[in-house]
Each structure stands twice: as structure tokens, then as C-alpha cells.
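Chain by chain, the residues:
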Amino acid sequence: MKKLFELLFVALINLTVTGQELHIDKPALSDTAAVALEMQDLAKEYIKQSQAQDLDIVPYHRYQFEILAGQYEASIKTIQSLRVDADLNYGHPQYMPFELFSRAKIEESVSGKGFNASYGQVFQNYLEACNDELAHSAHIVFTTYDEVAQFTRSFESNYNELAGKPMDLEQARTLLRSYFLYHVYSLTEPIAKEALKQEENKRYVIKEELIISPRDGAELSVITARKRGSTPMPAVLDFTIYADEGNTNHALLAASKGYAGVVATSRGKRLSKDPIEPYKHEYKDVYAVIDWISQQPWNNGKVGMYGGSFDGFTQWASMKEKVHPALKTIIPSVSVAPGIDAPMENNVFYNFPYKWIPYVTNNKFLDKAANFDFERWNRLQNTWFESGRAFRDMDQIDGTPSPVFQEWISHPSYDAYWQGMIPYKEEFAHIDIPILTTTGYYDDGQRGAMYYYLEHLKYNPDAEHYLLIGPYDHWGAQLSSSANLRGYQIDEVAHLNIRQDLAYQWFDHILKGKEKPELLKDKVNFQVMGTNTWMHKPSLAAMNNDPQTFYLSTAKSEGHYSLVQKKPDSKDDFQLQVDFADRTTKNNIQYFPWPIIRDSLDLSDGLVFMTEPLKEDMILNGSFSGEFKVEINKKDFDLSVNLYELTPEGKYFHLSWYIGRASYAKGREKRVLLNPNEVTTIRFDNTRITSKKISAGSKIVIVVNGNKNPHGQINYGTGGDVSLESIKDATAPLRIKVHASSTIELPVYSAPK
């Protein structure tokens, strides 16, 4: 559906309008029949005037106007003219929802049965001709996941603005196209949903039940789906806290691929009456579900797991104590590692996990109203920032007590509380099943996913663990890629559907003995942005072979400091000041790469270092690192380092970033405060992996900063619990001296000559 909508909203043609203006009456929106007649007349007149003025209507728009004008045979011909053999939408021919709409309208006029009956029959006939995979994906293609409400709002807004007034062709086109989506989906979606449900029940045994954990009596809600009449088969499990209407569809996806599909939810969700306590019990609950699956007559003793974010975490949690004998493989995507990358990263708590808590704990499903109340969350974090109150007061400011939040922030170190949730140190050694990890360069959870990956190979060097990483965000690296990622047009070869395609190719390989997915040519597989190619290496270390060290230099060029490869003779330092008492300004506000490509940066925010223009292309593969010698006037601070490419065209391409608490630079488990006004060496390497060709003529840019903005904790530097500090602790501004002997190391790859 997403791809289909992208094609529907192709850029509009600029028209020079001459001739007669268009006009329709404005019946009440509640009179849908009268509105439909007016819109039909408008569509007919739009087509007529466009033809009279010899203005071409591109096929991407023409079939929509033909449908609205009642020219259904013509619309089918137009739709079919747009297709090529490879132009599929989850296996279905492009624009098939609209072709079936036109066929139903034709059937209605012939049979006189009415639209609902006609569309129901046409759609049912189409579904019956689909194999299991196509029939399952039909819910993606023919329904919109509640976007009808959005289409309705868009049409009603345009209707109220334009109907009843003279319109030129461009205004008429805007009104017609907004009406098209509203009109088609408001009529077809209820029918399609019911038909899909009937078809699913015809093909599959679908069941939801409550199981009891033999370990502590916890109630766990489990949905299963399997092909009717099937023999014992491997099962694919997704264990999630995200209880919603999509759970059954996820189980059906596995069933459509020839597996027993299982979706289990955390204790307290769906049918379970237990308290909801995110992260705390999954290590035992997931194991209990795997054990239950292995005892079912429809399972052949083989279970695979997959899922992203929290669902990636649950896979690792299940193996904390031991790997269940039935668990044969996992595919953890963008996996959250509690205490590592959420709710804090490098021991700095972010604000966004606060709003996640009510989303998953307010009820047995999901509190979507709370989650999408952006006004509430923006107001909360801005009020907190401007007031200068302590981080622990967040829920007081919000007016809603949050015991989970308070419990989290009481553990600022990576202590036993967090360690008890996932495998820790030597507990990774017993994990000996094949694993495929997927993440993205712009995945919020990349460092969590990479923590599992690195610790697993550290304690089990011979593990069969594959990594796939590319230009994806948190969603693209677990579901399907976005062609335009925050303003960056990804390379053609980077387009993947991980959940629908790659994951099941891996399951087929491990659970059914088929060939390994072609893309996984080696243990580490990554897409090099800007080259339209993938690279494949045996290890993470092999991603780059020519690391290059750059020094921070006081030499200035165009008003900015320099990054040089020769160690400077100067013993000077660079001074940065952050006034925590001043809430009229923010700093490090641009650390998050949205958009990825910027026309400009606020270069007055932080210390900016630039190389000279590169004389030849450079490929960066991996994580950048650094070693800073710093001197501050307080006991602690939070360090931010951002890495950019400044292109010859003057664009800033955000490559990677780091935020970390200086007092945990030597290890996330123990805080070591800085001695004020003494030089301290801070080593950092837990930065985002990237891979990109940096073009000749570009500059490498590093921005070094402190951290003061509404998006996370503010470390006032007293050395006390940062969650308890407030603006009263600001006192003198933080003064950071970064010495010129400080270095940045870039992970450069040089092709063999």
C-alpha cells in the first residue's frame, strides 16, 4: 500500500489554465449521494476541458478521473497500460484495488445487485485465485490501516475550501484527487476486511489462547495460525509487547509462508491479567512459550524467532539462561538492549522512552491516543527544559505518575537491574544457533543491535552470526526500506523487504534446508551508499583496512578549525562554554540526522573542525572513534560528536553521531568522576556504523559539543545523580577545553590495487 500511495502522489503537472472555469454545487457532506453526483459531473467536465485545451492528463492521474466520471472500461485500459511485468505491489499487479473497483462498478450496472454485493463478489473471486502468500498480502494492498480517516479529512478540507466556488483546472484536480482515495476506500475497505477475514478462516486454523508459565504461573496470551490439514511443521514465533489488531496478521504471514505462525504477547497484554512490566520477565516468559510450542502436535520440534525493536530484545532475552533445544535460529532486527541503548545510551537518558511507557502499559493493547498526542509530548519536554526542573520530575510535570520511569532512572549505571534482562558477558558463550542480525545506519537502536552482535562474537568467536546493515532507519531495517530516507534517495540495490522476503529466505535455509539467501555472501553484509553496490566481509574489523587518524588543529580555514593528518606542534586548546542556566538557547540540537542531508548547519553551535577538500574519493566503512584530552571546570559532562560530509555542492550529509557521559567513558557499569581543571583522556568508539563513498572535493566535518536541549537529560556536572540535578545546580557555565592533541579516527576502506 505504501508503494501504491507513493505512485498515486507523483508530482502534479504545472498547467497554464485558460478557458471556462469549473463549478459544482455544495451539498452537505453528509449527503454522500449528492456529493458523489457533483464530483462525477466535475470529473466529466475536467476531462472535457482538458481535452478541449489539448492538455494531456498523465495516465497516473487519468484513470482516477475516469473512475470518478463513471468511465470504468476506459479506466481499466488506462490502469493496464501503466503496468510492466515486474511492477508488482507485494506480488499483486499495481493499481489492482482500483481495477477491481471499476470491475465491480461494471458488474453493478449489469447485474443490478448493488455495489456492496458486486464488489464483494469481484474481490472474493480475486482472492480465491491467489495462492496463500498473495492472499495474505492482500490485506496490505487492499486495506489502509485506518488511513481512510486521513483521506476523509483531506477531502473534506478541500471540499469546504473549493466547492460552491469557481475553480480553475488545477483546483479541480486537487479536489478530485483527494475525493478519489476517500471515495474508493470508504466504499471498499469494509467489504475487503470482511472478505479477507472469511478467506483466512477458510484457509487456516486461527486460535488465541491463554497459557500458564510453569515457572511462576504467569499468564501469556498466544495467537497461532496454521494451514488447515497441515502436518507437523516448523513454527515462527514473534514475542511482542505491542498487542494490537496486527498480531493475528503476523501469525498469518508465517502460515502463508508454510510455517505455523505464533505471536505471543508480554504478560499483562491481551488475555493476560498480570501486571505489565516491560523488559523484566521476558527472559523466562519467552522460553516458556518456546517450550509450549515444542509440545504442540502441529510443531515438528523446530522454532525460529524474528521481529524488531522490543521483539528483537525478546529473542535475546529468551537465551539468557540457556537456549531451548527447539529454538533453531533467531532474526533479531534493530534490537533494543535495555540499559544499553534504551532508555539511555552511553548512560545518558533520552526523553522519548518516557512516552513509550503509557503507550504499552496503559491498557492490555496499545494506547495509541497517548502515543500520538504529539502536542502533549512536545509541551512536556519543552516545559521541563524551560523550567529547569530535575529530570525525575518529568512525570510530575506531565501530571501522571510513572513508576516504571522512576524505576528506570534509579539505575543510571549498567548494573544488575539491566544485566538481569538479557545475556550478560559469559552468558553469550552458550548461544550456538545460527543468527541473522539486521540494522541500519540510521536505526535509533543500532547500538543495541550491535551490542548483542559484538558480545556474542566476543564470547563465542565461532558463532554462525550474520550481520546485514544498510541505509535504513528503525522501521526500514525490520520491515521494508523507504526509497527516500529523510531526504536521502537510497541506492536501487538497497531496496529490501526484510520481514516479508529476507527473513523467510533465512527461515527456509535454516528450518527447511534450502539455500542461504543470496545477499548473505559473507558474515558481514553492508550497502555502500553512493555506489549502488553491497560489500561482503568476514568480520566487522574487515570492513575497513586503512584507518586514518586526524588531529584537531587550531589552524583556521574559512572561520573554522582544521582536521589534519599531521600532529600539530601547537599545545593550544579549544574552548567551549555551555551555560545551563540560560534556557533561551539550546545546543547540540542538530545531533539527530533528520534530515540526513541539510543545506546548512548552525556552525556557531559547538566546535567545528573541517578537513581540506579530499583529492580523491574515500570510502568510509564502519564506526568512527576518537580520543579527546579534555579539561573541564566541573566533575562531569555529556559529550557529543557529530560526523558529516560537506559535499562540493555545499550540502551537509550526516554520517554518524555519538552522545555519551564522560564519567562512564571507561565503562558503562561504573561511574568515574572527572577532577575539575585536570586533563582527562576520554576514549569513545560506540558510534553509529556507516558506509558511504565520500566524493573527491568533499570535506569531512566534525562538530564537538556539550549537551543542553529538551531531548534528554541535562548533566549539570555536580557529580551527583544527574536525574536529581536541576537548574539550581547550574552555577557557573560549563567550560570545556579540548586539547589540540585530541584525535579522530575514520574507518577508511581502500580497495586492493
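Our subject is the structure listed above.
Thresholds applied
Residues numbered from 1 in each chain as written. Predicted model: local features only at pLDDT ≥ 70, side-chain atom pairs only at ≥ 80, totals over all residues. Heavy atoms only, no water. Helix = DSSP H or I, 4+ residues; strand = E, 2+ residues; numbered from the N terminus. Rg over C-alpha atoms; globule rule 2.2 N^0.38 Å. Contact = heavy atoms within 4.5 Å. Areas by Shrake-Rupley, 256 points an atom, 1.4 Å probe, with all protein chains shown as cover. Lys, Arg positive; Asp, Glu negative; His and termini not counted. Charge placed at Lys NZ, Arg CZ, Asp CG, Glu CD. Salt bridge = Lys/Arg side-chain N within 4 Å of Asp/Glu carboxyl O. Buried < 20%, exposed > 50% of the residue type's maximum accessible area, 1.4 Å probe, protein only. Pairing = 2+ DSSP bridges. Core = buried A, V, L, I, M, F, W, Y, C linked by side-chain atoms within 4.5 Å. Expected span 1.5 Å × (residues − 1).

## Regarding the overall build of the protein chain
Here is step 1 of the chain: Within the protein chain one finds 20 helices and 31 strands.
Here is step 2 of the chain: Its C-alpha atoms give the protein chain a radius of gyration of 29 Å, near enough to 27 Å, the size a compact globule of 753 residues would have.
Here is step 3 of the chain: Dimensions of the protein chain, computed from the C-alpha atoms along their principal axes, are close to 85 × 70 × 65 Å.
Here is step 4 of the chain: Taking as baseline every contact in the protein chain between residues at least 6 positions apart, the subset at least 24 positions apart corresponds to 76%.
Here is step 5 of the chain: Of the roughly 30,400 Å² that the protein chain leaves accessible, carbon and sulfur atoms contribute 49%.
Here is step 6 of the chain: Here the protein chain contributes 80 positive and 96 negative side-chain charges, whose respective centroids are spaced 3 Å apart.

## A short note on the pattern of salt bridges
Here is step 1 of the chain: By the definition in use, this model includes 34 salt bridges.
Here is step 2 of the chain: One salt bridge in this structure joins Glu108 and Lys105, with 3.7 Å as the shortest N-O distance. A residue pair is termed a helical-turn pair when its members lie 3 or 4 positions apart in one helix, as Glu108 and Lys105 do in helix H5 (residues 96–111) at three residues.
Here is step 3 of the chain: Judged by its relative accessible area of 23%, Glu108 is partly exposed.
Here is step 4 of the chain: A salt bridge links Arg270 to Glu208; the shortest N-O distance between them is 2.6 Å.

## Some words on the sheet that holds strand E31 (residues 748–749)
Here is step 1 of the chain: In spatial order, the strands read E27-E22-E31; together these three strands make up an open sheet with antiparallel pairing. Looking at the sheet topology across the chains shown, the edges are occupied by strand E27 (690–694) and E31.

## Re unusual backbone geometry
Negative phi is the rule for most residues except glycine; trans is the rule for most peptide bonds.
Here is step 1 of the chain: The omega torsion across Ala342 and Pro343 is 0°, close enough to zero to call that bond cis.
Here is step 2 of the chain: Locating Pro343 in the fold gives a position in the loop between strand E8 (327–333) and strand E9 (344–345).
Here is step 3 of the chain: Cis geometry is found at the peptide bond from Trp594 to Pro595, where omega equals 5°.
Here is step 4 of the chain: Take Pro595: it is sitting in the loop between strand E19 (573–578) and strand E20 (597–598).
Here is step 5 of the chain: Phi is positive for Tyr95, which is not a glycine, with a value near 70°.
Here is step 6 of the chain: Its location among the elements puts Tyr95 in the loop between strand E2 (92–93) and H5.
Here is step 7 of the chain: Residue classification places Tyr95 among the buried positions, given a relative accessible area of 2%.
Here is step 8 of the chain: Despite not being glycine, Asn532 has its phi angle at roughly 60°, a positive value.
Here is step 9 of the chain: Relative to the assigned elements, Asn532 resides in the loop between strand E15 (524–528) and strand E16 (533–537).

## Focus: the side chain of Ser723
Here is step 1 of the chain: Locating Ser723 in the fold gives a position in the loop between strand E28 (699–705) and strand E29 (734–739).
Here is step 2 of the chain: Residue Ser723 is classed as buried on the basis of its relative accessible area of 2%.
Here is step 3 of the chain: Contact partners of Ser723, with chain neighbours within four places excluded, come to Ala390, Phe391, Arg392, Ile409 and Gln713.

## Some remarks on the nonpolar core
Here is step 1 of the chain: One finds Leu237, Phe628 and Phe637 to be the most contacted residues of the largest nonpolar core, which totals 152 residues.
Here is step 2 of the chain: At seven residues, the largest contribution of residues to this core is made by helix H20 (residues 498–512).
Here is step 3 of the chain: Contacts of Phe637, omitting those with residues within four sequence positions, involve Val630, Ile632, Gly660, Arg661, Ala662, Leu674, Ile682, Asn715, Leu734 and Ile736.
Here is step 4 of the chain: Core analysis: the next-biggest nonpolar cluster, separate from the first, contains 55 residues, Ile47, Ala104, Phe115 and Ala192 among them.

## Some details on H5
Here is step 1 of the chain: The terminal C-alpha atoms of H5 lie 22 Å apart, and with 16 residues this matches the ideal 22 Å at 1.5 Å per residue to within 8%.
Here is step 2 of the chain: Those residues of H5 that fall on the buried side of the exposure criterion are Met96, Pro97, Phe98, Glu99, Leu100, Phe101, Ser102, Ala104 and Lys105.
Here is step 3 of the chain: Of the residues trailing H5, Gly112 is marked for its positive phi of about 70°.

The analysis is restricted to geometry; functional conclusions fall outside its scope.
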